[in-house]
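Spelled out, the chains give:
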Amino acid sequence: MSTPREDTHGTHDEPGGRVIPLRPEPVSSPDVTPPPGTAVERAEIAAELLTPAESDAVTRRLPAGARHAGTVRLLPARTLAALGTARRSPRVLAVIRVSVVTLQGGRSWAVRAWDAGTHGVYRRQIRAAEALGDQDLVRNWVQAREEAVERRHARLMNLPKLAVGLLKVVLGGALGVVVFVLVIAGMAQLSGAGTFAGVIAGVLDFVGFLFWLIAVAWTPVLLGAPVAVLYGAYREGSRRAEPPQWVRPPERRRTRDGEMITPSVVVTALRDLGIGPLRKAITAMPDAGAAMLGPITLAGCGVEVDVLLPKGVSTNEVQGRHRKLAENLDRHQHEVFITIPTAARTVRLWIADSGALDEPIGPSPLVIDESLTADYYTGRAPWGQDLRGDAASVSLFQMHLLITGLSNQGKTAALRALALWLAQCKHVEFRVADLKGVGDWRMFDGIATTLIQGPTDDHVIAATEMLEAAVAEMDRRIAALEASGATDGITRDMAYRPGSGFHPLVLLVDEAQVAFMCPAIGDDKRPYGGSKATSRYFMATRKIQNQGRAVNIGLWQGTQDPTDRNLPKLVREGAHLRISLALGTEEQGRMALGDKAIDSGAAPHHLRAGLDKGTVVATGPGFTVPQGQSSIIVRTHFIDGKDSAALADRARALRDGLTTTDGTTEPAAPLDLLTDVATVLNGHRRMRTQEVLAALTVHDPRYRTWTFADLTNALPETAKPYKTAGHMQISAARIDEAVTERDEIGDIDPDDQGDD
Ligand SMILES: Nc1ncnc2c1ncn2[C@@H]1O[C@H](COP(=O)(O)OP(=O)(O)OP(=O)(O)O)[C@@H](O)[C@H]1O
């Protein structure tokens, strides 16, 4: 029992009630200790508090009777209590249920009768067609209604004729019966089987019996008719209406969480969205709006349905009421996704099963399947699951990538998962700058040729120089590709041929915002950070984004909280794959994914920071985006540190002997096979291929992963191994010739090639 106590305004708790003072005690203040034995409730006060004087003034303005009126009740307390008890009794509930259903049946009959009398079916169809804005349909239904009216009119005109006909039939029938009785009576008299009067008397007795029977049966029939009508109404009600939740037996009441998504649930949710024209149109539709819906299909851990909105309602309006729609569907906002497919006036709703999105998805196939390999040209990184629960993969072939998100949402993990997959393709070279430097990318030691780790200006300078070196490499490749005369760009064969100089190169900068925000100025007076034409990191990024793709150089950047300062517009737009984890605002979403994706329904700002870790909204040509959508939601597999390290070991083994630099030393020059072979031949006229390979691995450890076939493929046609004395051999003279030929081609200035 609570102890009565004095409150700050001098009032007291009354027995049986709890007084809530206008100015609650400041319980959140640490220096106020509630009186002993008092349970204090924390209350959120949205409004301004009144001073005691203002409070008294308000009390004085209240009508005298209302000052201490207590709770306002529509029914006396006893009646309410009795109703409460009655509702808890299953029998009483059954009676109430049957009554309600019967009333619903009666209402249904009335509606149907009214409909039949007023051509309601046609009226509603016409209104629905108008709401959908389909003029042909309107015309057809108007015509159908006119025909129905005409048919009814014709029937009415025929009624008197019909009545006269009926009368004639009845009179004729009665006359026939009389004649028949008279003939039978006459025949009985003539044949001596009976008397004429006797037959007539017998018939009259029979008629009298019939009247008696009717008189006897009349009362039960009269009494039974209402029961039959009520039964009929009950049947009608159970067929055509749904009893309200509260009259159902408890076990058949729907829980809020388990609400099934049926057409009526969706239509009702749309109707109650607070969009006037939508409500009007749905109410006007004969099928209560069901025609607006496409089929509701199972899609992963939820369902998907397309909704054709009536004319006058824009897809934006529905999108703008995302939260309300979700709540109307008994879902959280993050459990409903609204996208805009290409069909006009259509929104696509994906509605998760309650709570399903909070279930973790399984481990990455990359972790489970140790034999899984990668191919830069033809492969797709297994990355996660889309909302339908289907595997979501991404092609990284010649892509610049940008991933953004609030801090600690799984950006590095998602980016690293892609890199760890691609690292399983031994032909791919990584140069990594981790500008956070807490060891997230340490495992790339021995995989990446450059690995910069740290957040200081020096690290930014090293990362910038890494990109600038890549720009030089890009220019070299562009010139070499031009000189090679290749017509199909860099083919897979060219890229994978050891020493070709066209292998895939991925430049990866995590926490790129650190680079854009770097205040350091170089000796040449150019800033490293910023987004001016003189900004070194920015300009290197732009050059690679502009021209790197065609020569297999891709730039992947990860960045937090995008703003115009820490992620310039041109850099955002230069990425082919744009990926976003949870973000704070729609504006940030626009920066991360672009206006088009956001306008079509992508909403990374609706992902829940903290709860939706690893869930990304992604857009770009590398993803399989469902037709009509411009983005896809992927719940990425989380590869933890231990599994990442195991995958890194596998990737490292493919690059046995690779030396990683920290960006402060020059990256190793690309392999020059012809010069290296010439060096290891070292005065021999020819040498067995096997021996050349062994000598090459001693000369440069990067040859350790090379096979006999790699070496054969990598040599030009004129210098390939040939068979002599029972062994495959390499000739020094042919290698020298190939070197001379290559140097001659290299000396030709590409700019002079077209001149006569
Ligand atoms: N796909 C995922 N599924 C579930 N949890 C994840 C997933 N990815 C990351 N996490 C969790 O989020 C944590 C933070 O991940 P991560 O370091 O990749 O975030 P981040 O966005 O890069 O952080 P920061 O911005 O601080 O660098 C991880 O330690 C992990 O617990």
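Reading the values: the criteria
Residues numbered from 1 in each chain as written. Predicted model: local features only at pLDDT ≥ 70, side-chain atom pairs only at ≥ 80, totals over all residues. Heavy atoms only, no water. Pairing = 2+ DSSP bridges. Helix = DSSP H or I, 4+ residues; strand = E, 2+ residues; numbered from the N terminus. Axes fitted to C-alpha atoms, helices over the stretch in contact; angles between N-to-C directions. Contact = heavy atoms within 4.5 Å. Buried < 20%, exposed > 50% of the residue type's maximum accessible area, 1.4 Å probe, protein only. Lys, Arg positive; Asp, Glu negative; His and termini not counted. Salt bridge = Lys/Arg side-chain N within 4 Å of Asp/Glu carboxyl O. Polar contact = N/O pair within 3.5 Å; in protein donor to acceptor, adjacent residues only side chain to side chain. Phe/Tyr/Trp six-rings, centres within 6.5 Å; stacked < 30°, edge-to-face > 60°. Lys NZ or Arg CZ within 6 Å of the ring centre and 35° of its normal. Parallel < 35°, antiparallel > 145°, perpendicular 65-115°, else oblique. Nonpolar A, V, L, I, M, F, W, Y, C, P; charged D, E, K, R; others polar. Expected span 1.5 Å × (residues − 1). Bend = angle between axes of the 7 residues up to and from the residue. Near = heavy atom within 4 Å. Areas by Shrake-Rupley, 256 points an atom, 1.4 Å probe, with all protein chains shown as cover. UniProt positions renumbered as here; feature names shortened; annotations may be inferred.

### Some points on the sheet that holds strand β17 (residues 727-731)
Okay, so step 1: The strand order across the open sheet formed by 3 strands is β15-β17-β16, and the pairing between neighbours is antiparallel. Two strands close off the open sheet at either side, each with one partner strand: β15 (686-688) and β16 (722-724). Direction aside, the axes of adjacent strands within the sheet are offset by 50° on average.
Okay, so step 2: Pairing of β15 with β17, which is carried by 3 bridges, proceeds in the antiparallel orientation. Its bridge partner being in β17, Arg-686 is matched across the sheet by Ser-731.
Okay, so step 3: Running over the sheet, helix α23 (residues 689-699) touches β15 and β17 and is turned about 85° from β15.

### What to know about the side chain of Lys-720
Okay, so step 1: By secondary structure assignment, the location of Lys-720 is in the loop between α24 (708-714) and β16.
Okay, so step 2: No salt bridge is formed by the buried Lys-720, whose closest oppositely charged neighbour, Glu-717, lies at an N-O distance of 4.4 Å.
Okay, so step 3: A polar atom in the side chain of Lys-720 sits 3.4 Å from the backbone oxygen of Asn-713.
Okay, so step 4: In this structure the side chain of Lys-720 is engaged in a polar contact, spanning 2.7 Å, whose partner is the backbone oxygen of Leu-715.
Okay, so step 5: If near-sequence neighbours (up to four positions away) are discounted, Lys-720 is found in contact with Thr-712, Asn-713, Leu-715 and Arg-734.

### Thoughts on the packing of aromatic side chains
Okay, so step 1: With the rule as written, the count across this model stands at 12 aromatic pairs.
Okay, so step 2: With 5.5 Å between their ring centres and 75° between their planes, Phe-430 and Phe-444 make a pair best called edge-to-face. Separated by 14 residues along the polypeptide, Phe-430 in strand β8 (residues 429-434) and Phe-444 in the loop between β8 and β9 (448-453) bring together distant segments of the chain.
Okay, so step 3: With a centroid separation of 5.1 Å and 90° between ring planes, the pair formed by Phe-516 and Tyr-537 is classed as edge-to-face. Taken together, the residues span a long stretch of sequence, with Phe-516 in helix α16 (residues 513-516) and Tyr-537 in helix α17 (residues 536-547) at a distance of 21 residues. With respect to burial, Phe-516 and Tyr-537 carry one shared label: buried.
Okay, so step 4: An aromatic cluster is present here, built from Tyr-376, Tyr-377, Phe-397 and Tyr-496 joined pairwise through their rings.
Okay, so step 5: A cation over a ring is seen here: Arg-734 above Tyr-722, with NZ or CZ 4.3 Å from the ring centre.

### Things to note about the packing of helix α22 (residues 673-681) against α23
Geometry of a packed helix pair, given as the angle between the helix axes and the separation of the axes.
Okay, so step 1: Following both chains from N to C, one finds α22 and α23 inclined at 105°, their axes separated by 9 Å at the closest point. With respect to α23, the element α22 is oriented roughly perpendicular. Facing Leu-673, Asp-676, Val-677, Thr-679, Val-680 and Leu-681 of α22, the residues of α23 in contact are Val-692, Ala-695, Leu-696 and His-699.
Okay, so step 2: The residue makeup of the contact of α22 with α23, split by class, is 7 nonpolar, 2 polar and 1 charged.

### A short note on helix α6 (residues 135-191)
Okay, so step 1: Here α6 contains 57 residues, and its C-alpha end-to-end distance of 80 Å stays within 8% of the 84 Å for a straight helix at 1.5 Å per residue.
Okay, so step 2: Of all the bends found along α6, the most pronounced is centred on Leu-159 and spans about 40°, while Pro-160, a proline, follows it within four residues.
Okay, so step 3: Turning to α6, its buried residues number three or more, namely Val-138, Ala-144, Ala-148, Val-181, Ala-185 and Ala-188.
Okay, so step 4: At the exit of α6 stands Gly-192, carrying a positive phi of roughly 80°.

### A short note on the pattern of salt bridges
Okay, so step 1: Enumeration according to the criterion identifies 23 salt bridges in this entry.
Okay, so step 2: In this structure, Lys-411 and Glu-511 form a salt bridge, with 3.2 Å as the shortest nitrogen-oxygen distance. In this pair, Lys-411 is assigned in helix α13 (residues 411-422) and Glu-511 in the loop between β10 (505-510) and α16, connecting sequence segments 100 residues apart. Grouping residues by exposure puts Lys-411 and Glu-511 together as buried.
Okay, so step 3: For Lys-436, the salt bridge identified is with Asp-440, shortest N-O distance 3.9 Å.
Okay, so step 4: On the basis of relative accessible area, Lys-436 is assigned to the partly exposed category, the value being 34%.

### A word on the site of the ligand
Okay, so step 1: Near the ligand there are 16 residues, and of these Thr-412, Ala-413, Lys-436, Glu-511 and Gln-560 occur at the shortest range.
Okay, so step 2: The separation between an oxygen atom of the ligand and a polar main-chain atom of Lys-411 is 2.9 Å.
Okay, so step 3: Within the side chain of Lys-436, one N or O atom sits 2.4 Å away from an oxygen atom of the ligand.
Okay, so step 4: With the chains in place, 74% of the 630 Å² that the ligand exposes on its own is no longer accessible.
Okay, so step 5: Ranked by the residues each element gives to the shell around the ligand, the list is headed by α13, at 3 residues.
Okay, so step 6: Classifying every residue of the shell around the ligand by side-chain character gives 3 nonpolar, 9 polar and 4 charged.

### A closer look at the UniProt feature "binding site: ATP" (unreviewed entry) in the protein
Okay, so step 1: In the UniProt entry, the feature "binding site: ATP" (unreviewed entry) is given for Gly-405, Leu-406, Ser-407, Asn-408, Gln-409, Gly-410, Lys-411 and Thr-412.
Okay, so step 2: Gly-405 sits in the buried class, given a relative accessible area of 0%.
Okay, so step 3: When residues no more than four places from it in sequence are discounted, the contact partners of Gly-405 are Lys-411, Thr-559, Gln-560, Asp-561, Leu-581, Ala-582 and Leu-583.
Okay, so step 4: With respect to the helices and strands, Leu-406 occurs in the loop between β7 (401-405) and α13.
Okay, so step 5: For Leu-406, a relative accessible area of 19% puts it in the buried group.
Okay, so step 6: Discounting residues that sit within four places of it in the chain, Leu-406 has contacts with Asp-561, Ala-582, Leu-583, Gly-584, Gln-588 and Ala-609.

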